[in-house]
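# Fold and geometry: a report
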Amino acid sequence: MIGRLNHVAIAVPDLAAATAVYRDTLGATVTPATEQPEHGVTVVFIELPNTKIELLEPLGEKSPIQAFLDRSPAGGIHHVCYEVDDIIVARDKLKSEGARVLGDGEPKIGAHGKPVLFLHPKDMLGTLVELEQA
Ligand SMILES: CC[C@@H](C(=O)O)C(=O)SCCNC(=O)CCNC(=O)[C@H](O)C(C)(C)COP(=O)(O)OP(=O)(O)OC[C@H]1O[C@@H](n2cnc3c(N)ncnc32)[C@H](O)[C@@H]1OP(=O)(O)O
Ligand SMILES: [Co+2]
């Protein structure tokens, strides 16, 4: 059911400093920072030849990544994002097999303008999984 690895996300306490590491130290191509108020994060994408790295900084009072950063103040790998052809078909199959879909269970529009959903890390081998419609 899952297809390409769309991105690996890293939660960071300081987005500008993290972007500089990828741009200046690692020599990668980076996108401008974009606020995603519906998701409670500000995002920079690092464009690699075969996938992307998504740097995430908390935005607003109720950011979903704040508790993660409280536990790991230096930051760390937060989620992986896989592409699926049909996010509703994928969601319903996963739910029927007992996986918990986070939030109200309905897709939101993600950073690439496509529908996304998140699966609880306790149902996915301790890893938060994002699904993005291809
Ligand atoms: C920019 C848009 C979009 C895109 O297009 O790419 C994005 O990527 S948005 C990214 C941010 N949005 C989200 O992460 C939404 C989904 N996440 C959530 O709803 C929450 O973060 C969460 C997964 C429910 C966790 O919230 P938290 O407040 O940390 O909950 P708990 O404290 O109850 O944690 C429960 C349990 O799970 C462990 N945990 C939490 N986060 C992670 C994680 N990222 N990876 C692995 N494990 C995680 C946490 O440690 C707890 O474990 P125990 O202590 O053993 O119970
Ligand atoms: Co993501």
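Per an unreviewed UniProt entry, the protein is named methylmalonyl-CoA epimerase, and its organism is Chenggangzhangella methanolivorans. Among the UniProt annotations of the protein, the heading Catalytic activity (unreviewed entry) holds the following wording: "(R)-methylmalonyl-CoA = (S)-methylmalonyl-CoA". Note on the protein: under the UniProt heading Sequence similarities (unreviewed entry), the record states "Belongs to the methylmalonyl-CoA epimerase family."

### Considerations on the environment of Asn6
Mapped onto the secondary structure, Asn6 falls in strand S1 (residues 5-11). Asn6 sits 21 residues away from Gly27 along the chain, and the two C-alpha atoms are 20 Å apart. What Asn6 contacts, discounting residues up to four positions off in sequence, is Thr51, Lys52, Cys81, Tyr82, Glu83, His112 and Glu132. A polar side-chain atom of Asn6 sits 2.9 Å from a polar atom in the side chain of His7.

### Quick notes on the coordination of the cobalt ion (ligand 2)
The coordination sphere of the cobalt ion (ligand 2) contains the protein donors His7 (NE2), Glu54 (OE), His79 (NE2) and Glu130 (OE), at a distance range of 2.1 to 2.3 Å. Site description for the cobalt ion (ligand 2): donor spacing in sequence, H-x46-E-x24-H-x50-E. Taken together, the residues span a long stretch of sequence, with His7 in strand S1 and Glu130 in strand S9 (residues 128-133) at a distance of 123 residues. The class of His7 is buried, set by a relative accessible area of 1%.

### Let's talk about the nonpolar core
Grouped together as the largest cluster of nonpolar side chains are 22 residues, with contacts concentrated most on Ile46, Ile53, Leu55 and Leu131. Elements represented by at least two residues in this core include exactly S1, helix H1 (15-25), strand S4 (41-47), strand S5 (52-58), strand S6 (76-84), helix H3 (87-96), strand S8 (115-119) and S9. Those residues in contact with Ile46 that sit more than four places away from it in its chain are Tyr22, Ala28, Thr29, Val30, Thr51, Lys52, Ile53 and Leu55. Core analysis: the next-biggest nonpolar cluster, separate from the first, contains nine residues, Ala9, Val41, Val43 and Leu69 among them.

### Here we look at the site of ligand 1
Close to ligand 1 lie 23 residues; Glu54, Arg71, His78, Ala111 and Lys122 are nearest. Contact between ligand 1 and His79: an oxygen atom at 3.1 Å from a side-chain N or O atom of the residue. For ligand 1, whose accessible area on its own is 1,100 Å², the fraction buried by protein is 70%. Those elements that provide at least two residues to the shell around ligand 1 are S4, S5, helix H2 (66-71), S6 and S9. At three residues, the largest contribution of residues to the shell around ligand 1 is made by H2. A per-class count over the shell around ligand 1 returns twelve nonpolar, seven polar and four charged.

Basis of the calculations
- Residues numbered from 1 in each chain as written.
- Chains lettered and ligands numbered in written order.
- Predicted model: local features only at pLDDT ≥ 70, side-chain atom pairs only at ≥ 80, totals over all residues.
- Heavy atoms only, no water.
- UniProt positions renumbered as here; feature names shortened; annotations may be inferred.
- Helix = DSSP H or I, 4+ residues; strand = E, 2+ residues; numbered from the N terminus.
- Contact = heavy atoms within 4.5 Å.
- Polar contact = N/O pair within 3.5 Å; in protein donor to acceptor, adjacent residues only side chain to side chain.
- Donors = N, O, S within 2.8 Å, 3.2 Å for Na, K, Ca; no water.
- Buried < 20%, exposed > 50% of the residue type's maximum accessible area, 1.4 Å probe, protein only.
- Core = buried A, V, L, I, M, F, W, Y, C linked by side-chain atoms within 4.5 Å.
- Near = heavy atom within 4 Å.
- Areas by Shrake-Rupley, 256 points an atom, 1.4 Å probe, with all protein chains shown as cover.
- Nonpolar A, V, L, I, M, F, W, Y, C, P; charged D, E, K, R; others polar.

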